[in-house]
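Working through the structure, step by step
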Amino acid sequence: VTWNVCVWLQSGSKPSGRRREELLILLQSVNIYFTNNRLPLVMNGYREGSDQRDHASKEELPSRFAEDQFYQAMASTPRRRILHHLLTVRESTVEELTSVLSGWEVTTAETTMHTPEDRSAIKVRLVHNHLPTLADAELIDYEPDSGVVQVPPLNTEVKHLIRQSVAAESNDEAE
Amino acid sequence: MTFASLIDDLREEEHQIVIYRGDDPLEIETWLAEHGVAVECHWITSDGPDPFIEIKTGSEVIGTIRVDAVEGLLEPPIDRPGDRDGVSEGYGVLFELLEKTVFSGMARRDFLAVSREIEDRAYRVGEGTLWASFQTLSTFKSQAEVYRILCTETSLNVHIYGVDDWSPPLIPGVTYHTESATRFEPYWILAYDGGSDRSQACGLVAQEENDEYTGFWTNDPQTVETISNRFWKTDR
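Let me sum up the structure you'll find in this document. This one's a predicted model, so the numbers in the text were calculated from it and none came from an experiment. (Residues numbered from 1 in each chain as written. Chains lettered and ligands numbered in written order. Predicted model: local features only at pLDDT ≥ 70, side-chain atom pairs only at ≥ 80, totals over all residues. Heavy atoms only, no water.)

Residues and elements named next belong to chain A. With 15 residues, helix 5 (residues 94-108) ought to run about 21 Å at 1.5 Å a step, and its terminal C-alpha atoms sit 21 Å apart, in line with that. In terms of residue burial, helix 5 counts as a mostly covered element, since 12 of its 15 residues are buried. Considered for burial, the residues of helix 5 that qualify are Val94, Glu96, Leu97, Thr98, Ser99, Val100, Leu101, Ser102, Gly103, Trp104, Val106 and Thr107. (Helix = DSSP H or I, 4+ residues; strand = E, 2+ residues; numbered from the N terminus. Expected span 1.5 Å × (residues − 1). Buried < 20%, exposed > 50% of the residue type's maximum accessible area, 1.4 Å probe, protein only.)

So this is what it looks like as structure tokens:
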């Protein structure tokens, strides 16, 4: 009797000789034997390369990618801009971040200038909303007393996402 | 208070310009530094926002503007009063934000744009008093037509001060003062009282030295009053 045996291996690489040997023994234990006692060389379902990459990045994926809080923190243009600026300067202050957000708005909006009133509105949102939200999501370290804001070491994928989200803003403008 | 002390006092006030930019210096930065205005640079990454400017008095930020809003300083718009089509809204912003900032080494053209802004405001309000010292009346020659329009289309009272070296045309609404003009001689001064609306008051004080001007403009009714008082006192 000839059986069609389909074996699925979940592996990051092409099964080595040793793994093939182990598999052969496993199959023999359930009375499945192969001609010449060898596993067929062509293994179904093995995709060279792509599987390897998928698997590798899965291991590197930050756990926060599965957290709602992360997306809540990222779901705001000013907050992504704050993170983007912090990635470059590492450490900043509430005053400087207010300036950066204000300047970012005047360079992208129709208005030519921001008044002191506009600035204080930005600062209020920064202190009472954006910074606490980012700190809760552990994307920044924020000391309300000193006004110092720092960025902790972030996963490469998170940094990549922050940079890409800001880069996409200027793409929108160009379109 | 003399005009010289007005300029000196303002020079002592901490008026600061902070430029946020990437690696490349901006043209305006060099211009401001050349005209005696303190400039501080803050580095931002080039893939972040476009360069922008913050204007501070002491530690308080009084305005944040795009760089193109101050480009009017590099190429001042020169227009007749009332003819605003060619003037960017940015120039008005500039006028407001950089008031009481002392600029030095200014060309005549630079302050001419400022005086246009003042004359234009007077034109728009359409009433009140405008004082102008032109050093010599012959300097007023090129402006006579502008003032004719200003006075025929409004009910402004205009007082022109200048040393008598040219016979100016008679324009209804314009009074010439030549006797008292000597005391204003090194200065180019303009003051508009805003008519019945003091918030529209504005002025310019610039001292000439070797074809270069050092001075400021202002929107502050109090400062404008100080300037115009000097004219009144001279008349009495």
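What follows is about the pattern of salt bridges. Side chains that differ in sign of charge can pair as their charged atoms come close. Going through the model one piece at a time under the given rule, you end up with 11 salt bridges over all chains. A salt bridge links Glu117(B) to Arg124(B); the nearest nitrogen and oxygen atoms lie 4.0 Å apart. On the accessibility criterion, Glu117(B) (5% relative accessible area) is buried. Residue class for Arg124(B) comes out exposed when judged on its relative accessible area of 51%. Each of Glu95(A), Arg119(A), Lys123(A) and Glu54(B) takes part in one network of salt bridges that share partners. (Salt bridge = Lys/Arg side-chain N within 4 Å of Asp/Glu carboxyl O.)

A few words now on the environment of Asp24(B). Looking at where Asp24(B) falls in the secondary structure, it is placed in the loop between strand 1 (15-21) and helix 2 (27-34). For Asp24(B), a relative accessible area of 59% gives the class exposed.

Let us now look at the packing of helix 5 (residues 108-125) of chain B against helix 7 (residues 144-152) of chain B. Residues and elements named next belong to chain B. Running from N to C, helix 5 and helix 7 cross one another at 20°; their axes reach a closest spacing of 10 Å. Judged by the inter-axis angle, helix 5 sits roughly parallel to helix 7. Handedness of the crossing formed by helix 5 with helix 7: left-handed. From helix 5, Arg116, Glu119 and Tyr123 reach across to helix 7, where they touch Val146, Tyr147 and Leu150. Among the residues making up the contact of helix 5 with helix 7, the classes are represented as 4 nonpolar, no polar and 2 charged. (Axes fitted to C-alpha atoms, helices over the stretch in contact; angles between N-to-C directions. Parallel < 35°, antiparallel > 145°, perpendicular 65-115°, else oblique. Left-handed = near helix turned anticlockwise from the far one by under 90°. Contact = heavy atoms within 4.5 Å. Nonpolar A, V, L, I, M, F, W, Y, C, P; charged D, E, K, R; others polar.)

Moving on, we come to the packing of helix 4 (residues 77-89) of chain A against helix 5 of chain A. Residue and element names in this part refer to chain A. With their axes 10 Å apart at the nearest point, helix 4 and helix 5 run at an angle of 120° to one another. It follows that helix 4 is oblique to helix 5 by the angle criterion. Here helix 4 and helix 5 pass one another in a crossing that is right-handed. Between helix 4 and helix 5, the contacting residues are Pro78, Arg81, Ile82, His84, His85 and Val89 on the first element and Glu96, Leu97, Val100, Leu101, Trp104, Glu105 and Thr108 on the second.

Below, the discussion takes up the packing of aromatic side chains. Summed over the entire model, instances satisfying the criterion amount to 18 aromatic pairs over all chains. Each ring, one from Phe70(A) and one from Tyr71(A), has its centre 5.1 Å from the other, and the planes form 80°; the classification is edge-to-face. For Phe70(A), a relative accessible area of 2% translates into the label buried. Looking at Tyr71(A), the relative accessible area reads 42%, which means it is partly exposed. Relative to Trp217(B), the ring of Phe103(B) has its centre 5.2 Å away and its plane inclined at 10°; by these criteria the two rings are stacked. Linking Phe103(B) in strand 5 (residues 103-106) with Trp217(B) in strand 11 (residues 212-218), this pair joins segments that are 114 residues apart in sequence. Take Phe103(B): its relative accessible area is 0%, and that puts it in the buried class. (Phe/Tyr/Trp six-rings, centres within 6.5 Å; stacked < 30°, edge-to-face > 60°.)

Residues and elements named next belong to chain A. Judged by side-chain charge, Glu67, Asp68, Glu91, Asp136, Glu138, Asp141, Glu143 and Asp145 come together as a negatively charged surface patch. Among the structural elements, Glu138 can be located in the loop between helix 6 (116-136) and strand 3 (141-143). Residue Glu138 is classed as exposed on the basis of its relative accessible area of 58%. (Patch = residues over 30% accessible without salt bridge, like charges linked within 9 Å, V, L, I, M, F, W, Y side chains within 5 Å. Areas by Shrake-Rupley, 256 points an atom, 1.4 Å probe, with all protein chains shown as cover. Lys, Arg positive; Asp, Glu negative; His and termini not counted. Charge placed at Lys NZ, Arg CZ, Asp CG, Glu CD.)

What follows covers the sheet that holds strand 2 (residues 39-43) of chain B. Sheet architecture is open: 5 strands sit in the order 2(A)-4(B)-3(B)-1(B)-2(B), paired in mixed fashion. On the outer flanks of this sheet lie strand 2 (113-114) of chain A together with strand 2 of chain B, each paired with one strand and no other. Note that strand 2 of chain A and strand 4 (residues 60-66) of chain B share 2 bridges and pair antiparallel. Residue Met113(A) lies in a different strand from strand 4 of chain B, and its bridge partner there is Ile65(B). Each of strand 2 of chain A together with strand 1, strand 2, strand 3 (52-57) and strand 4 of chain B touches helix 5 of chain A; the most contacted strand, strand 3 of chain B, lies at about 130° to it. (Pairing = 2+ DSSP bridges.)

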